[in-house]
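So you can see what is in the structure, the chains are spelled out below.
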Amino acid sequence: MLDKTPGVASAINILNASTIADERLQELSRAVGRSFGLRTYVSPAPLNLDRAFDAYRGQYNSTALLVQLVNAFAGTDEKRIAVVGVDLFIPVLTFVFGEAQLGGSSAVVSTHRLANPFYGLPKNDELSFQRLQKEVVHELGHTFGLYHCHQFECVMRSSTYVEEIDLKRLALCSGCAEKLHSAR
Ligand SMILES: [Zn+2]
Ligand SMILES: [Zn+2]
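I will try to describe carefully the structure that is included in this document. Not measured: the values here are computed from a predicted model. (Residues numbered from 1 in each chain as written. Chains lettered and ligands numbered in written order. Predicted model: local features only at pLDDT ≥ 70, side-chain atom pairs only at ≥ 80, totals over all residues.)

### Some details on the overall build of the protein chain
Within the protein chain one finds 5 helices and 8 strands. Shown N-terminal to C-terminal, the secondary structure of the protein chain runs as helices and strands in the order β-α-β-β-β-α-β-β-β-β-α-α-α. Dimensions of the protein chain, computed from C-alpha atoms along their principal axes, come out at roughly 50 × 35 × 35 Å. When each of the 184 residues of the protein chain is scored for burial, the buried share is 36%. Long-range pairs, those at least 24 residues apart, make up 61% of the contacts in the protein chain between residues at least 6 apart in sequence. (Helix = DSSP H or I, 4+ residues; strand = E, 2+ residues; numbered from the N terminus. Buried ≥ 20, exposed ≤ 12 C-beta atoms within 10 Å, placed from the backbone. Contact = placed C-beta atoms within 7 Å.)

### Regarding the sheet that holds strand β3 (residues 53-54)
Consider a sheet: its strands pair through backbone hydrogen bonds, and that pairing is either parallel or antiparallel. Reading across the sheet, the 3 strands line up as β3-β4-β6 and stay open at both edges, with mixed pairing between neighbours. Since the sheet does not close on itself, it has two edges, and those belong to β3 and β6 (88-89), each with one partner. Taken together, the 2 bridges between strand β4 (residues 59-61) and β6 define a ladder with parallel strand orientation. Across the sheet, residue Y60 finds its bridge partner in β6, namely L88. (Pairing = 2+ DSSP bridges.)

### Describing the environment of G145
Its place among the elements puts G145 in the loop between α3 (125-143) and α4 (162-167). Judged by local crowding, G145 falls into the partly exposed class, with 15 C-beta atoms found within 10 Å. When neighbours within four sequence positions are excluded, G145 is seen to be in contact with L102, G103 and A183.

Dropping the structure here:
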């Protein structure tokens, strides 16, 4: 039987709105399931990217995408994260790798700035995928109420540059893992 305590998620849904193959995201899904101890699955994302496009900036408003996710899944007790290929921003920042509702249900993450060729470096699909996994776990961590962490290798450490993502591990530090456990 599913635990129906308010605020407790029954599953995690990874919504694919990118060009990454679903099979590849299944692999990510397994890592996410292990991180949070919840059933995790992949499905298509019901997102209208055009509606979040800012023609002046040439980027997509991540908060507008979060609103779409919240509205599309109102009434479910799952956590969800959309993976998009477009470049995301929030008004006060040049760009974001992703955004999440702190203690909420929804998050979004972009692959746009995770690939080496964006920085003029040789393509490295495995590295891009590791970065994506870390950013997905990071943003989902926020939906479970986790704040940014100062532990050097913790996945909840804030990253502004991909080099900083590379320095983190995929795992939560013991302090964050403890907070996650007490939040569930
Ligand atoms: Zn964060
Ligand atoms: Zn931590």
